[in-house]
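Here is how the chains run, residue by residue.
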Amino acid sequence: MKLLRHGPKGSEKPGVLDDEGDIRDLSGVIGDIDARFLGSEAFEEVLELDLSGLPLVGASPRLGVPVSSIGKFVCVGLNYADHAKESGMELPNEPILFMKATSAVSGPFDDVLLPKYSEKVDWEVELGVVIGREARYVSLESALDHVAGYCVVNDVSERKFQLESGGQWVKGKSCDTFGPIGPYLVTRDEVTDSSCLPLWLELNGKRVQDGNTRTMVFDVPYLVHYISHYMSLQPGDIISTGTPPGVGFAMTPPTFLKEGDIMRLGIDGLGEQQQRVVPCPAGT
Ligand code: ZN
C-alpha cells in the first residue's frame, strides 16, 4: 500500500494511492500517518481496507511528507561501495551514522532552499526506511519486523558546511528543506527485496545518479539491527541508508546546485520526487 499525506503544508490529511493511481482520503478512518498510527493495530487494519469505499481526492493536491512528526532522522554515510570509491574514502568496517535535524524534513515536491552563505549544495538519492515498531537490541533475523515501509529520500547536503567547517557532518545535512521525503510510505509487503532496488537522480533532465541498492555495504536488516544497539528506534523514525555514486562533489569539475536547478529522483516501486532550487528568502 502507498500511504501519503495530501494538502497544504502544515494541514496535510492522510491518504492512500489506489490501484488506478488516484488519491483516496483516509481522514475518515485515521487521524494521521504518524508514530501513534504506525505503532498501533490501526496500521494493520488499514492494510486490509477496501480502497474503493474511500472518497476520491481530486485536482492533484500537494503531497507532504508521508509521515508526520518524525522523531528521528538517522542517516548512514558511505554505505555504497561505488560511492565510497568516488569519494576517495575507505569502505567503513561498521556503519557510519549521523543525524539530520527533523526541521530539515520537506515535502517531495517542495522547493529546496539554498542556505545563506552556502556554496556547495549537493544531492543524494537514498532509500528511506520507516520504523513501525520499537526496535531495541533487535536481532538480524527479526529486524525487518520493525519496519513499516520504505520511501524515497533526498539527503541534500552542503559540502562546505559538512566537510570544511569542523566537527560533525550534521551542519551540512540539517539546513531547512534538506530532507525531502516521499511521495509515499510504501508498506513493507510491497517491497519483496530492499536489496535490489534501482535508484536514480536527474539534474535538469540529465541522469547523474544511476545506482542499485545491491551495492550497499550494509543492507536494511543489518542497519536496523545495528542502529538499535546504539539507540532505540521508535515508530515514525526514518533511517536514510546512504547514496549511490553520482553526487556533485565527486564530479570533475565538482558541480553544485544553483538557483533554478531541477532535481528529479526516484526508486523503482517507491515513486518519484521533484524539487526546484531557490534562494533562501530574505529575512529568514
Ligand atoms: Zn546521504
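Note that the structure is a prediction, hence the values are computed from the model and not measured. (Residues numbered from 1 in each chain as written. Predicted model: local features only at pLDDT ≥ 70, side-chain atom pairs only at ≥ 80, totals over all residues. Heavy atoms only, no water.)

For this particular structure, what's the right way to read the overall build of the chain?
Scanning the chain from terminus to terminus reveals six helices and 19 strands. Relative to the compact-globule value of 19 Å for 284 residues, the chain shows a C-alpha radius of gyration of 18 Å, a close match. Principal-axis analysis of the C-alpha atoms places the extent of the chain at approximately 55 × 45 × 30 Å. By the burial criterion, 54% of the 284 residues in the chain qualify as buried. For the chain, the proportion of contacts with a sequence separation of at least 24, taken over those separated by at least 6, is 75%. (Helix = DSSP H or I, 4+ residues; strand = E, 2+ residues; numbered from the N terminus. Rg over C-alpha atoms; globule rule 2.2 N^0.38 Å. Buried < 20%, exposed > 50% of the residue type's maximum accessible area, 1.4 Å probe, protein only. Contact = heavy atoms within 4.5 Å.)

Any chance you could explain the environment of His83 here in plain terms?
Here His83 shows up in helix H3 (residues 81-86). Classification of His83 by relative accessible area gives buried; the value is 4%. As for His83 and Val247, which are separated by 164 residues in sequence, their C-alpha atoms are 8.4 Å apart. Excluding residues that lie within four positions of it along the chain, His83 makes contacts with Leu78, Thr243, Pro244, Pro245 and Val247. At a separation of 2.7 Å, a polar atom in the side chain of His83 contacts the side chain of Glu86. (Polar contact = N/O pair within 3.5 Å; in protein donor to acceptor, adjacent residues only side chain to side chain.)

Before we go on, may I ask you to explain the coordination of the zinc ion in this structure?
Under ideal tetrahedral coordination, the four donors around a metal are separated by 109.5 degrees; under ideal octahedral coordination, the six donors are separated by 90 or 180 degrees. Within the protein, the zinc ion binds to Glu124 (OE), Glu126 (OE) and Asp155 (OD); these donor distances fall in the range 1.9 to 2.1 Å. Sequence spacing of the donor residues for the zinc ion, all on one chain, is E-x1-E-x28-D. Residues Glu124 and Glu126 agree in their burial class; the two are buried. (Donors = N, O, S within 2.8 Å, 3.2 Å for Na, K, Ca; no water.)

How should the pattern of salt bridges be read in this particular structure?
A side chain with one charge may pair with a side chain of the opposite charge, provided their charged atoms come close. What the rule picks out here adds up to 20 salt bridges. Residue Arg5 pairs with Asp32 through a salt bridge whose shortest N-O separation is 2.8 Å. Here Arg5 is found in strand E1 (residues 2-6), whereas its partner Asp32 is found in the loop between strand E3 (23-25) and helix H1 (35-38), with 27 residues between them in sequence. Classification of Arg5 as buried rests on a relative accessible area of 7%. Connected via shared salt-bridge partners are Lys100, Asp122, Glu124, Asp155, Arg159 and Lys173. (Salt bridge = Lys/Arg side-chain N within 4 Å of Asp/Glu carboxyl O.)

These values are about where atoms sit, not about what they do.
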